[in-house]
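The residues making up each chain are set out below.
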Number of protein chains: 2
Amino acid sequence: MTQTPASCPLCTPSSEQVLWSDAQFRVVGVNDDQHPGFVRLISQAHVAEVSDLSASAQTRMFALLVGIESAMRQMLSPDKVNLASLGNQVPHVHWHIIPRWKDDLFFPDPIWSTPKRSPAETFALAGHTDRMARAEAFWKEIPGICKALS
Amino acid sequence: MTQTPASCPLCTPSSEQVLWSDAQFRVVGVNDDQHPGFVRLISQAHVAEVSDLSASAQTRMFALLVGIESAMRQMLSPDKVNLASLGNQVPHVHWHIIPRWKDDLFFPDPIWSTPKRSPAETFALAGHTDRMARAEAFWKEIPGICKALS
């Protein structure tokens, strides 16, 4: 279960903005102008499904997931947070932790759906610069947030 | 946090196939021919985000989530399981627990994306009838699975 196949892009990432990591998990920042502050929580072990992780690893993972969600809400005030563990393309446990705003490209649908408006409409929003700044501050707090949860 | 607004379709559902429920959570079957066995785990309390739930409710919820995922894998043998808590349309905590197959309409993309093939291609598959039968058996086991986790 802990093999690290060379073909897995989460075992051998070509480029990642790692915000925090330890032996079991890491958190990376996702550059997505529509969803500033988007992060992924990634298992260091190469397992496909959450239920492949040990009970203790699951407990830690969910504590990190909820702790990051909570901090994201406090620091970014998104309209909603989306949590998803899909892994169809990369069967290696990773969670998408996505701040959603009512004026983002896809709201109220998932970010994998057809856009509801044009990027220009979203980028022109007065609040966008503020969101980007708060997202940057949130990412800087990730190491402290994760250490406090570990 | 436990208010039950009349406008919330998860507080006052018009039709649901409830497979199991208790005071904190319920599991409903989702009729989706592309993803037989699809279920939703729903909080009985009207809260928008996972981090709004008490720590003890979170612990129970994640135990149910992983337990259902594990049973789904054993009974349906899907190619992948997708877990998602979105709630953009209905901000009341509910998890989509979705069995995915490489020949389903959307694989390897999320089920909210653009279809990759036609329903006819999927429905013609030799294994589809078997999947439907196993999904029906899985749903029948949900009460026992959830009781054992409670």
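What you see is a predicted model, and the numbers here were worked out from it, not measured in a lab.

**Structural notes on the pairing of strand 3 (residues 39-43) of chain A**
Residues and elements named next belong to chain A.
Phase 1: Most of strand 3 is tucked away, with four of its five residues classed as buried.
Phase 2: Pairing analysis gives five bridges linking strand 2 (residues 25-29) to strand 3, with the strands arranged antiparallel. Within strand 3, the position partnered with Phe-25 by the bridge is Ser-43.
Phase 3: Bridge count between strand 3 and strand 5 (residues 94-100): four bridges; the pairing is antiparallel. By the bridge assignment for strand 5, Ile-42 is matched with His-94.

**As for the interface of chain A and chain B**
Phase 1: Each partner contributes to the interface: chain A provides 31 residues, whereas chain B provides 31 residues.
Phase 2: Taken over both partners, the interface formed by chain A and chain B buries close to 2,800 Å², and the fraction arising from carbon and sulfur atoms is 53%.
Phase 3: Contact with chain B buries surface across chain A, with Glu-49, Lys-80 and Asn-88 of chain A losing the most and accounting together for 23% of the total.
Phase 4: Here chain A and chain B share four salt bridges between them.
Phase 5: Here chain A and chain B share 24 residue pairs in polar contact (both at pLDDT 80 or more) between them.
Phase 6: At the level of secondary structure, the elements contributing two or more residues to the side of chain A that touches chain B comprise helix 1 (55-76), strand 4 (80-85) and strand 5 of chain A.
Phase 7: Of the residues contributing to the side of chain A that touches chain B, the split by class is 14 nonpolar, ten polar and seven charged.

**Notes on the relation of the copies chain A and chain B**
Phase 1: When chain A is fitted to chain B, the residual RMSD is 0.0 Å, and the transformation amounts to a turn of 180 degrees plus an axial shift of 0.0 Å. With respect to symmetry, the two chain copies, as superposed, fit the operation of a two-fold axis.
Phase 2: Of the interface residues in chain A, 100% have counterparts in chain B that sit at the interface too, so the contact is made through matching surfaces.

**Here we look at the nonpolar core**
Phase 1: By size, the foremost hydrophobic cluster in this structure holds 62 residues, and its most contacted members are Trp-95 and Phe-138 of chain A together with Trp-95 and Phe-138 of chain B.
Phase 2: Not counting residues within four places of it along the chain, the set of residues in contact with Trp-95 of chain A comprises Val-39, Arg-40, Leu-41, Val-50, Met-61, Phe-62, Leu-65, Leu-83, Ala-84 and Ser-85 of chain A together with Leu-83 and Trp-95 of chain B.

**Brief notes about the sheet that holds strand 2 of chain A**
Phase 1: Across the sheet, ten strands lie side by side as 1(A)-2(A)-3(A)-5(A)-4(A)-4(B)-5(B)-3(B)-2(B)-1(B); this open sheet has antiparallel pairing. Only two strands of the sheet have a single neighbouring strand rather than two, namely strand 1 (17-21) of chain A together with strand 1 (17-21) of chain B. Averaged over neighbouring strand pairs, the angle between their axes works out to 20 degrees when direction is ignored.
Phase 2: This element, helix 3 (residues 128-148) of chain A, spans strand 1, strand 2 and strand 3 of chain A of the sheet and lies at about 25 degrees to strand 1 of chain A.

**Some remarks on the layout of surface pockets**
All names here are of chain B.
Phase 1: Roughly 360 Å³ of internal volume is contained in the largest pocket.
Phase 2: Looking at the largest pocket, it is lined by 22 residues, and the ones nearest its centre are Leu-10, Arg-40, Val-90, His-94 and His-96.
Phase 3: For the lining of the largest pocket, the secondary structure elements donating two or more residues are strand 2 (25-29), strand 3 (39-43) and strand 5 (94-100).
Phase 4: Grouping the amino acids of the lining of the largest pocket by side-chain chemistry returns eleven nonpolar, nine polar and two charged.

Cut-off values and rules
Residues numbered from 1 in each chain as written. Chains lettered and ligands numbered in written order. Predicted model: local features only at pLDDT ≥ 70, side-chain atom pairs only at ≥ 80, totals over all residues. Heavy atoms only, no water. Buried < 20%, exposed > 50% of the residue type's maximum accessible area, 1.4 Å probe, protein only. Helix = DSSP H or I, 4+ residues; strand = E, 2+ residues; numbered from the N terminus. Pairing = 2+ DSSP bridges. Contact = heavy atoms within 4.5 Å. Buried area = accessible area lost by both parts, 1.4 Å probe. Salt bridge = Lys/Arg side-chain N within 4 Å of Asp/Glu carboxyl O. Polar contact = N/O pair within 3.5 Å; in protein donor to acceptor, adjacent residues only side chain to side chain. Nonpolar A, V, L, I, M, F, W, Y, C, P; charged D, E, K, R; others polar. Least-squares fit on C-alpha atoms with pLDDT ≥ 70 in both. Core = buried A, V, L, I, M, F, W, Y, C linked by side-chain atoms within 4.5 Å. Axes fitted to C-alpha atoms, helices over the stretch in contact; angles between N-to-C directions. 1 Å grid on protein atoms, 1.4 Å probe; cavity = no way out; pocket = protein on both sides within 12 Å on 5 of 7 lines; lining within 4 Å. Points joined across faces, edges and corners; volume = space filled by probe spheres on them.

Interpretation in functional terms is not warranted from these geometric data alone.
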